[in-house]
Amino acid sequence: MGALMLLAIVGGWLCLKAARAFVRAYQFLDTLPPRQPRTTEGKSMSRYPLRIAGSIVGALTAVVSGLVGSGLFTTDQGNAVTGIITGLVTLLATFGVVVSTEHKVTPLADPRNRQGQPLTPAETAGEDLTGDAGSWEADRG
């Protein structure tokens, strides 16, 4: 029972450390200037990044299954390691989706561009800016 408690404490501490590291990395990445589009000149880029990621996850799972089959891991240990691999892949995938798509979404509260300028329409002299958009039924006739 004491070993499980120690494992839970260490696991929780590691989760907190990992979360803080992700936040720090995200804050650092948020301050970087926008990247220029990648070119394939002189670089070897894969056209199939999901195949590579799937191959890595499959290889890790196969190694765990091999260790269970050879008797170095018990079935419960193999299931636990496979669960950890799945959890890490899910965490990294979620973080990747957030990082890769957040700059493409305009926030509704206080929308601004990368330079910090507000994204609200400019006021013009002849417009009534009371906020009444009217009704489509009233505009019909």
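Calculation rules
Residues numbered from 1 in each chain as written. Predicted model: local features only at pLDDT ≥ 70, side-chain atom pairs only at ≥ 80, totals over all residues. Heavy atoms only, no water. Helix = DSSP H or I, 4+ residues; strand = E, 2+ residues; numbered from the N terminus. Buried < 20%, exposed > 50% of the residue type's maximum accessible area, 1.4 Å probe, protein only. Areas by Shrake-Rupley, 256 points an atom, 1.4 Å probe, with all protein chains shown as cover. Phe/Tyr/Trp six-rings, centres within 6.5 Å; stacked < 30°, edge-to-face > 60°. Expected span 1.5 Å × (residues − 1). pLDDT = per-residue confidence, 0-100. Patch = residues over 30% accessible without salt bridge, like charges linked within 9 Å, V, L, I, M, F, W, Y side chains within 5 Å. Salt bridge = Lys/Arg side-chain N within 4 Å of Asp/Glu carboxyl O.

### Description of the overall build of the protein chain
And step 1. Helices and strands together make up the secondary structure of the protein chain, namely four helices and zero strands.
And step 2. Put simply, the protein chain runs from its N terminus to its C terminus through helices and strands in the order α-α-α-α.
And step 3. Taking all 141 residues of the protein chain together, 3% fall into the buried category.
And step 4. Surface accessibility of the protein chain: about 12500 Å² in total, with carbon and sulfur atoms responsible for 64%.

### Observations regarding the packing of aromatic side chains
And step 1. The final tally for this structure, using the stated rule, is one aromatic pair.
And step 2. Geometrically, the ring pair formed by Phe22 and Phe95 is tilted, given 4.8 Å between the ring centres and 45 degrees between the ring planes. Here Phe95 lies in helix H3 (residues 75-101) and Phe22 lies in helix H1 (residues 2-31), a separation of 73 residues in the sequence.
And step 3. According to the relative accessible area criterion, Phe95 is partly exposed, its value standing at 24%.

### What about H1?
And step 1. Helix length check: H1 (30 residues) gives 44 Å between terminal C-alpha atoms against 44 Å at 1.5 Å per residue, within 8%.
And step 2. A small share of H1 lies buried, amounting to zero of its 30 residues.

### Comments concerning the confidence of the model for the protein chain
And step 1. Here the protein chain averages 75 in pLDDT, while 74% of its residues score no lower than 70.
And step 2. Between the elements of the protein chain, mean pLDDT differs from a low of 51, seen in helix H4 (residues 136-140), to a high of 84, seen in H1.

### A closer look at a nonpolar patch on the surface
And step 1. Taken together, Leu6, Val10, Trp13 and Leu14 make up a surface patch of nonpolar side chains, about 410 Å² in accessible area.
And step 2. Assignment of secondary structure puts Trp13 in helix H1.

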